[in-house]
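# Summary of structural features
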Amino acid sequence: MLCEKCGKNEATNYYEYNINGQQMKIHLCAHCAQQMGLGALGWPSAMSIPSLLFASGLAGENESQAPGRVCSCGATEAEIRRTGRPGCAQCYQTFRDLFLPMVRRIHGAAQHMGAAPKGAPVSPQARLDRLGAEMNQAIAKQDFERAAQLRDEIKALKEQGGRA
């Protein structure tokens, strides 16, 4: 089997990782393994994990992208693909197409979906949205009495918002 990174040499090393439930397997030649910072036992350094993700294709590498993109900090697309490390905060926008698939695979989503802390006030709009969704569910279940209660609650909230 050929090395999955260079595609030239015979793969003599096999690495298997499980990152947040995502199984990752890669076959490398000795030279590429050394370049990626993999030791004799196959333990990657913290800096080599992003390069493993990009090199194995898990980061969603798209070959059709122009090879010459450069961020305002001077980081190039080739450098980002090689290291998986941004040079500045602007790199996340400049090379968004490279980082999004990797973030999605690691975290399950590319946008924060966390809950508000306990005791935090709920915004009026969030409450209206929640009540509207509940009302739609009640209508779908043909629970018209509950839907009418929710409609009245929504109406009262909107009136309070207009007076404030």
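Our structure is the block above this text.
As a starting point, this report considers the structure included with it. Not measured: the values here are computed from a predicted model.

## Focus: the pattern of salt bridges
Where charged atoms from two side chains of opposite charge approach closely, those side chains can pair. Tallying each qualifying case throughout the model produces seven salt bridges. Between Glu-77 and Arg-69 there is a salt bridge whose closest N-O contact spans 3.3 Å. One salt bridge connects Arg-146 with Glu-134, and the closest N-O pair in it is separated by 3.2 Å. Placement of Arg-146 in helix α7 (residues 144–163) and of Glu-134 in helix α6 (residues 124–140) is noted, with a sequence separation of 12 residues between them. The partly exposed category is assigned to Arg-146, whose relative accessible area is 33%. Linked by salt bridges that have partners in common, Arg-69, Glu-77, Arg-81 and Asp-97 make up one network.

## A few points about the environment of Asp-129
You can see Asp-129 is positioned in helix α6. With relative accessibility at 46%, the residue Asp-129 sits in the partly exposed group. Sequence spacing of Asp-129 and Ile-154 is 25 residues, and the spatial spacing of their C-alpha atoms is 9.3 Å.

## Quick look at the side chain of Glu-77
The topology assignment puts Glu-77 in helix α3 (residues 77–83). For Glu-77, the side chain forms a polar contact with the side chain of Arg-81, separated by 2.9 Å.

## Re the state of the cysteines
Within this structure, the stated rule accounts for zero disulfides. Between Cys-91, a cysteine without a disulfide, and Cys-73, which holds the nearest cysteine sulfur, the sulfur-to-sulfur distance is 3.6 Å. The exposure class assigned to Cys-91 is buried, which follows from its relative accessible area of 0%.

Conventions we followed
- Residues numbered from 1 in each chain as written.
- Predicted model: local features only at pLDDT ≥ 70, side-chain atom pairs only at ≥ 80, totals over all residues.
- Heavy atoms only, no water.
- Salt bridge = Lys/Arg side-chain N within 4 Å of Asp/Glu carboxyl O.
- Helix = DSSP H or I, 4+ residues; strand = E, 2+ residues; numbered from the N terminus.
- Buried < 20%, exposed > 50% of the residue type's maximum accessible area, 1.4 Å probe, protein only.
- Polar contact = N/O pair within 3.5 Å; in protein donor to acceptor, adjacent residues only side chain to side chain.
- Disulfide = S-S within 2.5 Å.

Interpretation note: all reported values are geometric properties and have no functional meaning in isolation.
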